[in-house]
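What the coordinates show
The primary structure of each chain is shown beneath.
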Amino acid sequence: MSDIFGKIEAPVGVAQYNTASGGDIGIILFASRMLQLVTVGAGVYVLINIVLAGISLISGSGKSDSYSKAINQIIQSVIGIGVIVASYTIAALIGLLLFGDPLYILNPKICGPNGGPGC
Amino acid sequence: MKINLIKKLFTSISLLTLLLSISATPVFAACNPPCAANERCKSFPLPDGTTKESCVKNVPNAAAGFNLGDFFKLGKTNQNVIDVYDTPASLLNIVVRNIFVIAGLLLFGTIIFAGFKIISGGSKGYEEAKNIITIAVTGFLIMFAAYWIVQIVEVVTGVPILL
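Residues numbered from 1 in each chain as written. Chains lettered and ligands numbered in written order. Predicted model: local features only at pLDDT ≥ 70, side-chain atom pairs only at ≥ 80, totals over all residues.

1. So, the overall build of chain A
Here is the rule we go by: Runs of H or I in DSSP of at least four residues are treated as helices and runs of E of at least two as strands, each being numbered from the N terminus. Partly exposed residues are those falling between the two cut-offs: more than 12 but fewer than 20 other C-beta atoms within 10 Å of their own, whereas 20 or more means buried and 12 or fewer means exposed, with C-beta atoms placed from the backbone.
From N to C terminus, chain A includes five helices and zero strands. The burial tally for chain A puts 8% of its 119 residues in the buried class.

Have a look at this one:
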């Protein structure tokens, strides 16, 4: 069959991800790169949020409501980045508790009748 | 009715046999000097009624069968089509390679358009622009992931898809 129709090559970026993940399906590597990007974006956002909160602390001139607002903003930002960082641990914990393997969610395997990558 | 049909069938079969028998059996002319391996001897009728034998290149050997791709040239080059496009996939590969360039340009244009909408449209334009960018980026991601999706389908179902 493939003698007749030939073989379709992966597009450039897709092929690079496939080779980077060891000849397997590169979508998991792509997803983890996207997660990294989101984490970095969230970190930058938290930094900006804390700087803005600090500015409102300085310029609030001691008013109690602006003070509590700024403190709340900082606390929420820190909690948010904490959840993002802890999400890997949470995923590993869920994988360990429910499936008996901490990497069950973090390093998913695609299985079929003839095996599959990492299967 | 039935007799008519049988008559027609009989007539056509006998006519076909007759035509086959009277059609000239291919007689290959003998050239002097003998032709090379990739050449065939052919006789050409001349205006004065006689024939002239000469060697012709690239004449398909009807008995051995021949490959159409060997006889189509690419443009004005001397390259055979079969050497460049040996399967349908090689044509599709070119389409896949170039469709990402087109899609990237379209994505770029769409994002610029959405930014223009934010500038010109106020809060309503912001909503529209958000929708446009979301749809465009999702579409591009689906395009990018299409190969992987098919690969995953291949692994999960076990059907050998041509990737």
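2. Remarks on the confidence of the model for chain B
Residues and elements named next belong to chain B. Spelled out, the test is: pLDDT is defined as a per-residue confidence score from the predictor, taking values between 0 and 100. Residues are scored as being in contact if the C-beta atoms we place from backbone atoms lie within 7 Å.
Considering every residue of chain B, the mean pLDDT works out to 79; 75% of them sit at 70 or more. For chain B, per-element mean pLDDT is lowest for helix 1 (residues 2-22), which scores 68, and highest for helix 3 (residues 88-157), which scores 92. Scored below 50 in pLDDT, residues 23-27 shows zero contacts in the model against residues more than four places distant or in partner chains. The ipTM for the predicted assembly is 0.76, set against a pTM of 0.64.

3. Comments concerning the nonpolar core
As a reminder of what qualifies: Residues enter a nonpolar core if they are buried, belong to Ala, Val, Leu, Ile, Met, Phe, Trp, Tyr or Cys, and are joined to the set through C-beta atoms within 7 Å.
Among the nonpolar cores identified, the biggest contains seven residues, and these are A:Val14, A:Tyr17, A:Ile25, A:Ile27, A:Phe30, B:Tyr147 and B:Trp148. The set of elements that each furnish at least two residues to this core consists of helix 2 (12-20) and helix 3 (27-59) of chain A together with helix 3 of chain B.

4. Comments concerning the packing of helix 3 of chain A against helix 4 (residues 64-99) of chain A
When two helices pack together, their arrangement is given by the angle between the helix axes and the distance between those axes. All names here are of chain A. As a reminder of what qualifies: Axes here refer to lines fitted to C-alpha atoms; in helices the fit is confined to the stretch in contact. Angles between the N-to-C directions go from 0 to 180 degrees. Any angle that is under 35 degrees is reported as roughly parallel, and any over 145 degrees as roughly antiparallel; angles of 65 to 115 degrees are reported as roughly perpendicular and all others as oblique. Handedness of a helix crossing follows the sense of rotation of the near helix relative to the far helix, less than a right angle counterclockwise being left-handed and clockwise being right-handed. Nonpolar residues are Ala, Val, Leu, Ile, Met, Phe, Trp, Tyr, Cys and Pro. Charged residues are Asp, Glu, Lys and Arg, and all others, Gly as well, are polar.
Between helix 3 and helix 4, whose axes approach to 9 Å, the crossing angle comes to 165°. Looking at the two axes, helix 3 sits roughly antiparallel to helix 4. Of the two elements, helix 3 crosses helix 4, and the hand of that crossing is left-handed. On helix 4, the residues touching Thr39, Ala42, Gly43, Val46, Asn49, Ile50, Ala53, Ser56 and Leu57 of helix 3 are Ser66, Tyr67, Ala70, Gln73, Ile74, Ser77, Gly80, Ile81 and Ile84. Its residues assigned to classes, the contact of helix 3 with helix 4 shows ten nonpolar, eight polar and no charged.

5. What about the interface of chain A and chain B?
Of the residues lining the interface, 18 residues belong to chain A; the matching set on chain B comes to 21 residues. Of all the secondary structure elements, the ones that give two or more residues to the side of chain A that touches chain B are helix 1 (2-5) and helix 2 of chain A. Taken together, the residues of the side of chain A that touches chain B sort by class into nine nonpolar, seven polar and two charged.

6. Thoughts on the environment of A:Asn72
Relative to the helices and strands, A:Asn72 is located in helix 4. In this structure the C-alpha to C-alpha distance between A:Asn72 and A:Ala53, which are 19 residues apart in sequence, comes to 8.9 Å.

7. Let's talk about helix 2 of chain A
Definition in use: Working note: the arc is built from the helix axis to C-beta atom directions.
Residues of helix 2 of chain A that are buried: A:Val14, A:Tyr17 and A:Asn18. When helix 2 of chain A is viewed along its axis, its buried side chains cluster within an angular range of 100° and face the same direction. Set apart from the buried face of helix 2 of chain A by more than 90 degrees, the exposed residues are A:Val12 and A:Thr19. Each element contacted by the buried residues of helix 2 of chain A is listed here: helix 3 of chain A together with helix 3 of chain B. Downstream of helix 2 of chain A by a residue or two, A:Gly22 has a phi angle that is positive, lying close to 80°.

8. Notes on the environment of B:Lys117
Considering the arrangement of structural elements, one finds B:Lys117 in helix 3. Through-space distance from the C-alpha of B:Lys117 to that of B:Ala129 is 6.0 Å; in sequence the pair is twelve residues apart.

9. A few points about helix 3 of chain B
All names here are of chain B. Selection rule: In this analysis, the expected span of each helix is defined as 1.5 Å times one less than the number of residues it contains. Working definition for bend: take the seven residues up to and ending at a residue and the seven starting at it, fit an axis to each, and measure the angle between the axes.
Between its first and last C-alpha atoms helix 3 spans 24 Å; for 70 residues at 1.5 Å apiece the expected length is 104 Å, and the helix comes up short by more than 12%. Taken as a whole, helix 3 carries its principal kink of about 150° at glycine 122. Ala114, Lys117, Ala129, Tyr147, Trp148, Gln151 and Val155 are the residues of helix 3 that are buried.

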